[in-house]
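Remarks on the overall topology
Take a look at the letters that make up each chain.
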Amino acid sequence: MDAKLQWFREGLEGLSVQELKDMLVEEHAKRMQEHEERIREHEERMRENMRLLEFERSSAAMSREYQRIQDRLAAAEKELSKSRALCKKLQEQNDSLTKHRFGRHSEKTDVLFESADDPNEDPLAEEHMPEAESRTSPPLNFEAAVRKLAGKTGTRGGKRKGKRMDDLSRLEQVHRFDLDVDEMDKKFGKGRWTIVNWHSYTTVKHVREAVYAETVHEPVIKQLATGELVSMPRPFVLYPYSFASPSLAADILYKKYVLGLPLYRIERDYLLCDLILSRQTMSNWVIHFAFGLFGPVYDRMIQELMEQPYHQSDETVYEVIRDGRKAGSKSFIWLHTTSECYDDHKIAVYCYEPTRGTDHLRRFYAGWDGTDTSDAYTSYLVMEQETGGRFLVTGCLMHCRRRYADAFSLLDLKGLTQERIQELPEAAAIRLIRDIYHEENLIRDLPAKERLLMRRQNVRPKVDTFFRFADEFDTDAPGVSSKMKDAIMYTRNQKKYLCRFLEDGNIPLDNGNAERCLKPVAQGRRAYLFSTSIDGAKANTIIYTLVETARKNGADPYYYLRFVLEKMPGHLDGKDRSFLAEMMPWSDTYRRYESAERNRPFRASVPESQTCPSRRQITGNVS
């Protein structure tokens, strides 16, 4: 410190005061300049820090905004993806509804198969039930006759020779010889002509049904010894204080439940025959006959059905407008029928229920052990779980096939070659199911044991191939429609039930038999739309049961209804119900009745001049 002070003193020596001031001012100015520079540098650093801070703030805000934009973009893309999927789904639904409303109602896909006309080759060609049966045809197996008539009976491009006479062989045959001897004598000269041959042609004549009022006069007997008057009792009263007869009642029921005509049309038809019969009167008759006469027969058919271990079931919507619920509430008609593969009496029972709940199955199948074929409706699966497998459910391959057919029908095939169409997964699935049906159709008429053996040998490999296709199919692949995904998931979920027919020859491949049994109900519903009351709906199910059971056993529904109407009133007074066995459409008593009614003499009115001339009339004028 002393050295520095000594150096400072030595440096000041010899300087004047002014020089010392100047030096101090200069030093001060220099220091001020340095201080100002430091201030400027500090301010610059402060500004730089402020810019950095602002930039950091801006960057954070930008980052947050960018993240918000990214989130919004991701949400928009997700929403767009959902919208596209929904749009595609709605488009498929719209196409499906358009096809259902305006397209043909068939699962047949001709573009996939070369021989689409052959029902045995194309499983998508379902059986169609005619609107009505001829009342004059002899007893026959109705479904077998439909399959025979639906198939090709001749060579491609023309009718089989003799087919017309086969078609008319069931009709009553009447021969008329068209010969006017006087006209021949006038044209060719008396004694100058002879007959060497006859040219014959056949036409079908229709005689309109006869409706007439029959008045029965019963004698009143006077006993001469006592003078007592005795009136002969009437055999039975079909409907109190009415002119109803079994034939008239059977005709009304035939037209309503077989032809599917509503009562107002039947009313107009009778009016053209000069019979005034209101629809309300006919409605009262229908309900009375259903509960009073057909009810015991209906109960006996249920009893017969429950003795069979193989059933098929289905249900369809129905409307009852006065059932105590709000307008538009849906009711249901349930169907339970014998398996088409089970060799026993064929029975179809219809039941009315206000709901589609499982309670109906619990009541109807209480204590029953057996196998029931149905669609994938959950109530049947609940029944299997609740009964521990005593009520065993089997699936329907027709419902599975229908999903693939719907998926295929929505594809845009424009511009695609036949080879490309065949490569589509929907087409591949339909072909695999077609192969299963082809093998099954070949063994359709075999006994159950033989059918089971053939299923294990020939059908099971086809079934395994189909389910392997479904298990390996990638539903997440691009371009797979929602219909195709639904078909694949249905196949996977129902595999256990769809394969159970391979374990028993009495189990059918699908539930088509039950769907065909429900078709008359759907046709009638389309005609008369609804039932007014619950009693009317239950009456419909009772009569549909008798009609369809008669039809499935080859009986004519008209004659069977008439038979029951004639025979039942005489049995209602007693408690013995053993006679109900004779009321079944397969009983010998009914078969004899129908045969006798069919073989009654032909009552067609033919003018006398058109009858066959006697041999004397012909030869007496011939030289």
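Residues numbered from 1 in each chain as written. Predicted model: local features only at pLDDT ≥ 70, side-chain atom pairs only at ≥ 80, totals over all residues. Heavy atoms only, no water.

**Details of the overall build of the protein chain**
A count of helical and extended segments in the protein chain gives 21 helices and nine strands. When the 623 residues of the protein chain are sorted by exposure, 37% land in the buried category. Long-range contacts, defined here as pairs at least 24 residues apart, represent 68% of the contacts in the protein chain between residues at least 6 apart. Total accessible area on the protein chain is roughly 38800 Å²; 52% of this is exposed by carbon and sulfur atoms. (Helix = DSSP H or I, 4+ residues; strand = E, 2+ residues; numbered from the N terminus. Buried < 20%, exposed > 50% of the residue type's maximum accessible area, 1.4 Å probe, protein only. Contact = heavy atoms within 4.5 Å. Areas by Shrake-Rupley, 256 points an atom, 1.4 Å probe, with all protein chains shown as cover.)

**Some details on the side chain of Glu597**
One can find Glu597 in helix α20 (residues 588-598). Look past the residues within four positions of Glu597 in its chain and what remains in contact with it is Tyr559 and Arg562.

**Comments concerning helix α19 (residues 557-567)**
Here α19 lies mainly inside the structure; nine of its 11 residues are buried. The complete set of buried residues in α19 reads Pro557, Tyr558, Tyr559, Tyr560, Leu561, Arg562, Phe563, Val564 and Leu565. In this fold, the buried residues of α19 make contact with α6 (246-257), α8 (279-306), α18 (534-552) and α20. N-cap assignment for α19: the residue whose side-chain oxygen lies 2.9 Å from the backbone N of Tyr558 is Asp556. (Polar contact = N/O pair within 3.5 Å; in protein donor to acceptor, adjacent residues only side chain to side chain.)

**A closer look at a negative patch on the surface**
A cluster of acidic residues, Glu34, Glu36, Glu37 and Glu41, forms a negative patch on the protein surface. Within the secondary structure, Glu34 sits in helix α2 (residues 17-102). (Patch = residues over 30% accessible without salt bridge, like charges linked within 9 Å, V, L, I, M, F, W, Y side chains within 5 Å. Salt bridge = Lys/Arg side-chain N within 4 Å of Asp/Glu carboxyl O. Lys, Arg positive; Asp, Glu negative; His and termini not counted. Charge placed at Lys NZ, Arg CZ, Asp CG, Glu CD.)

**Observations concerning the pattern of salt bridges**
Following the criterion strictly, the structure yields 27 salt bridges and no others. Arg51 is the partner of Glu48 in a salt bridge, and the nearest nitrogen-oxygen pair spans 2.3 Å. With Glu48 and Arg51 both in helix α2, this residue pair falls three residues apart, about one helical turn. Linking Arg403 and Asp486 is a salt bridge whose minimum nitrogen-to-oxygen distance equals 3.1 Å. Remark: Asp486 occurs in helix α15 (residues 482-493) and Arg403 occurs in helix α11 (residues 397-409); sequence separation between them is 83 residues. Accessibility expressed as a relative area gives 26% for Arg403, which makes it partly exposed.

**Let's talk about the packing of helix α17 (residues 512-528) against α18**
Each packed pair of helices is defined by two parameters, the angle between the axes and the distance between the axes. At a closest axis distance of 11 Å, the pairing of α17 and α18 adopts a crossing angle of 130°. Considering the angle they form, α17 stands oblique to α18. Helix-helix and strand crossings are classified by hand; for α17 and α18 the assignment is right-handed. Note on element contacts: α18 touches α17 through Asn540, Tyr544, Glu548, Arg551 and Lys552, opposite Asn513, Cys517, Pro520, Val521, Gly524 and Tyr528. The residue makeup of the contact of α17 with α18, split by class, is five nonpolar, three polar and three charged. (Axes fitted to C-alpha atoms, helices over the stretch in contact; angles between N-to-C directions. Parallel < 35°, antiparallel > 145°, perpendicular 65-115°, else oblique. Left-handed = near helix turned anticlockwise from the far one by under 90°. Nonpolar A, V, L, I, M, F, W, Y, C, P; charged D, E, K, R; others polar.)

**Some details on the side chain of Thr358**
Along the chain, Thr358 turns up in the loop between β6 (348-353) and α9 (359-364). Every residue in contact with Thr358, bar those within four places of it in the chain, is listed here: Ser379, Val382 and Met383.

**With respect to the nonpolar core**
Grouped burial of nonpolar side chains is what soluble globular proteins tend to show. Residues Phe289, Phe294, Val297, Tyr350, Leu546 and Tyr560 are the most contacted members of the largest nonpolar core, which totals 79 residues. Sorting elements by how many residues they give to this core places α8 first, with 12 residues. Not counting chain neighbours up to four residues away, the residues in contact with Phe289 comprise Leu238, Tyr239, Ala244, Ala249, Phe294 and Leu565. Membership of the second largest hydrophobic core comes to 38 residues, among which are Cys400, Phe408, Leu502 and Ile507. (Core = buried A, V, L, I, M, F, W, Y, C linked by side-chain atoms within 4.5 Å.)

**Here we look at unusual backbone geometry**
Within the chain, Asp274 stands out as a residue other than glycine whose phi angle is a positive 70°. Phi at Leu529 is positive, roughly 70°, even though this residue is not glycine. Looking at the element boundaries, Leu529 is found in the loop between α17 and β9 (531-533).

**A word on the confidence of the model for the protein chain**
Mean pLDDT over the protein chain: 83, with 84% of residues reaching 70 or higher. Ranking the helices and strands of the protein chain by mean pLDDT puts β6 first, with 96, and helix α21 (residues 615-619) last, with 37. For the stretch residues 115-155, pLDDT sits under 50, and the model shows 89 contacts to residues farther than four places along the chain or on other chains. Within the model, pLDDT remains below 50 along residues 604-623, and this stretch shows 19 contacts once partners closer than five positions in the same chain are excluded. (pLDDT = per-residue confidence, 0-100.)

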